[in-house]
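Results of the structural survey
Next come the chains, spelled out residue by residue.
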Amino acid sequence: MNTQTTIAAETAAEIIEYVPLTDLYLSDLNPRQEVAEDGIALLAESIAACGLIQNLAGLRDETGRVGIVAGGRRLRAINVAVSERPDLAVVPVRMAPSAHVAEEWANAENTAREELDPVDEVRAYARMAEKALSIAKISQAFGVTEAHVRRRLALAKLPCPVLDALKSEAISIGQAKAMTVSADEKKILEVLERAKSGWFNEYQIKTALKPDAVDGDNRKAKFVGQGAYEAEGGTVTQDLFEDEILFNSPDILDRLFAGKLEGEANTLQDAEGWAWVMISEDSNPFWYEVQREHGFARVYKEDGVLNGAQSARYDALSEQADAGGLDEVGGIEFAELEAIIEGAYSDQQKALAGAMVYVRHDRTLSALRGLIKREDHDAAIAAGVLEASQHETGTPSPAEPKSPISQKLAADLACVATGARQHAALRDPDMILALLAFQLTGKAGYRRPFGLSASDVPNLPSTEVAGYALDDRLTTPAPTPKDPFGSDLSRGFRAFKAKGMEHVMAELTRHLAALLTVEDEKLAGLIDKTVSTSIREVWTPTAENFFSRVGAAYLNTLWCDLLDLSQDHATATGFAKLKKGEKAEKLETLFADQSVRSALGLTEEQEAVIAAWLPEGMS
């Protein structure tokens, strides 16, 4: 007979006994050992007035006394109310036939009557799991989902000091959940002390416990696939609270990513006939950077030409497409004609050129095509595939100082600055409306503060990075009807207006802020002063979003500047010997970890410099 059948049989044998109040006590099985006295006083008054409506539930011990497993609050209240109701000196108790049944009653009844403290609930689940009760059985006993039980049991595996800190509210439930990503007790306890001191938020806790882990939603993880990764010995951690998977072995992931990308490059070369194909682990290799790094030139598709019949057919299909009247066959024909117009690379071009294959942030495979290596420039020019560069044939101009900030990084930082201004503007709806009126009256001329002529104003960098978080109203699309063009607009507008002007103003503020883009420096300065724009409020430099994207020499200088070190200082020379990736990580830690700054003995002035630091061009 299995456990569930046994418990069911035992449950059927329950009986009601009348037990002297003096023989009753609160059982250790009862998960709620502490309750608010105010609540007991109110319950006592109710019992004194109305009597005991719901029986207690208990388990008789070896001494003959009865431990109350369900109804601990009522037991406390009866002890108060008995002075007014002598009949409560003998109490009806629903007797459990076994400890298993008693524990089920304790958990289920207490949960149903009053929500358990999270830690009490966690420990109650753990006790049931220790008795080999299944997750399904625990979820039935508590009236919660199995997913909820799994999450609570994940918390139950945390070291006791973590649960004690949660019970005393020294840490939040979110911080405790973040600690479940690791099974390393030593690390968890180290992080706990920092969390209790107020330095570690949930993101920082995960980063500290799993500094090298890669989110399963990362483009590399998606491209490689969990199955292939685990087949090579890679391990994962399931974050039950965020419904995400962490890949714990980035070296394995990187190796598999490069190998699979290399295979895709070979496939592309065979399919398209390029002279060579290389890979890039960048998510969006910017052509200017590729050109500068490799010395590539680039050729483009040769224009295609439609004959008379094709041209007439293309015009006819274009009109149908504009009217939304193309069927599937017409759509295929139209696409084929557009492909001809778009052109194609010639065999002669492919014989002298190559391509660069990469994986985009949306996990799709893409390629830069038509790249000609520096050593092939002359041959391409001689073949008429590539035009001679004036810089190659003429007198070279003096080299201009090279900025440490690439054009792509500068563009991303500009998006961050725009986002910071929009984020701050949400604090001042009156300013936004005044600025809109200023523009609509024409007083701003062609310098429009709002990008009302565009569908959106860029405020997100081209790469997915940590350390940049805008107000949700700027990044979460507003809900829209499934068929806005076929809906009843008059009805929709009445419903929208009926929500009141507060709602109308909130939506107007939200969408206007997202369109805010100011090119005039004086006006931008005034707006920033009015709304207290702070880039560092929404953006913190990290290895991913900044430090790994500039040169090693720049990082050396920055390290010395922030710590006020001479170039020959031991800390400076030690930093200079690190690999670039290690330098980037060390700088990220300097910005993110107060304990690191304290260990370095930074002054208040140095702390302030780090807190306010921005790359050149952003301030």
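Refer to the structure presented above.
Residues numbered from 1 in each chain as written. Predicted model: local features only at pLDDT ≥ 70, side-chain atom pairs only at ≥ 80, totals over all residues. Heavy atoms only, no water.

With respect to the sheet that holds strand E6 (residues 214–215)
The line we're drawing: By this definition, two strands are paired if DSSP reports at least two bridges between them. The secondary structure listing takes helices from DSSP runs of H or I that are at least 4 residues long and strands from runs of E that are at least 2 residues long, numbered from the N terminus.
With antiparallel pairing, three strands are arranged side by side in an open sheet as E6-E8-E7. The two strands at the open ends of the sheet, each matched to only one other strand, are E6 and strand E7 (236–239). One ladder, built from two bridges, connects E6 with strand E8 (residues 244–247); its direction is antiparallel. Along E8, the bridge assignment pairs valine 214 with phenylalanine 247.

Points about the nonpolar core
Here is the rule we go by: We define a nonpolar core as any set of buried Ala, Val, Leu, Ile, Met, Phe, Trp, Tyr and Cys residues linked to one another through side-chain atoms lying within 4.5 Å. Classification of residues uses two cut-offs on accessible area relative to the type maximum, computed with a 1.4 Å probe and protein chains only: under 20% is buried, over 50% is exposed, and between them is partly exposed.
Counting 47 residues, the largest nonpolar core has Trp539, Phe546, Phe547, Tyr554, Leu562, Leu587 and Leu590 as the members making the most contacts within it. For this core, the elements supplying multiple residues, two or more each, are helix H21 (407–425), helix H22 (429–440), helix H25 (501–514), helix H26 (521–531), helix H27 (535–538), helix H28 (552–563), helix H29 (570–576) and helix H30 (580–592). Top contributing element to this core by residue count: H28, with seven residues. Counting 28 residues, the second largest nonpolar core, distinct from the first, contains Tyr229, Ala265, Tyr345 and Ala367.

Let's talk about the pattern of salt bridges
In plain terms, the rule: Any Lys or Arg side-chain nitrogen located within 4 Å of an Asp or Glu carboxyl oxygen qualifies as a salt bridge.
Applying the stated criterion to the full structure yields 19 salt bridges. Note that glutamate 232 is salt-bridged to arginine 255, the shortest N-O span being 3.6 Å. Of this pair, glutamate 232 sits in the loop between helix H13 (226–231) and E7 while arginine 255 is found in helix H14 (residues 250–272), placing the two residues 23 residues apart along the sequence. Between arginine 313 and glutamate 333 there is a salt bridge, with the nearest N and O atoms lying 2.9 Å from each other. Linking arginine 313 in helix H16 (residues 308–322) with glutamate 333 in helix H17 (residues 328–342), this pair joins segments that are 20 residues apart in sequence. Three or more residues are tied together by salt bridges with common partners; here these are Lys220, Asp254 and Glu281.

Some remarks on the packing of aromatic side chains
Two aromatic rings are characterised by how far apart their centres lie and by the angle between their planes. Stated precisely, the cut-off is as follows: Pairing of aromatic side chains here covers Phe, Tyr and the six-membered ring of Trp, requires ring centres within 6.5 Å, and sorts the geometry by plane angle: under 30 degrees stacked, over 60 edge-to-face, intermediate tilted.
By the definition in use, this model includes twelve aromatic pairs. Between tryptophan 274 and tyrosine 345 the ring centres are 4.9 Å apart and the planes differ by 70 degrees, which places this aromatic pair in the edge-to-face class. With a gap of 71 residues between them, tryptophan 274 in the loop between H14 and strand E9 (276–279) and tyrosine 345 in the loop between H17 and helix H18 (347–352) connect regions that are remote in the sequence. The residues tryptophan 274 and tyrosine 345 share a single accessibility class, namely buried. Measuring from ring centre to ring centre gives 4.5 Å for tryptophan 559 and phenylalanine 575, while their planes differ by 5 degrees; the resulting arrangement is stacked. Taken together, the positions of tryptophan 559 in helix H28 and phenylalanine 575 in helix H29 put the pair 16 residues apart, joining distant regions of the chain.

A look at unusual backbone geometry
The general pattern is negative phi for most residues beyond glycine and trans for most peptide bonds. One non-glycine residue with positive phi stands out, namely glutamate 169, at about 65 degrees. The topology assignment puts glutamate 169 in the loop between helix H8 (160–167) and helix H9 (173–179). Phi angles above zero are rare outside glycine, and serine 532 is one such case at about 60 degrees.

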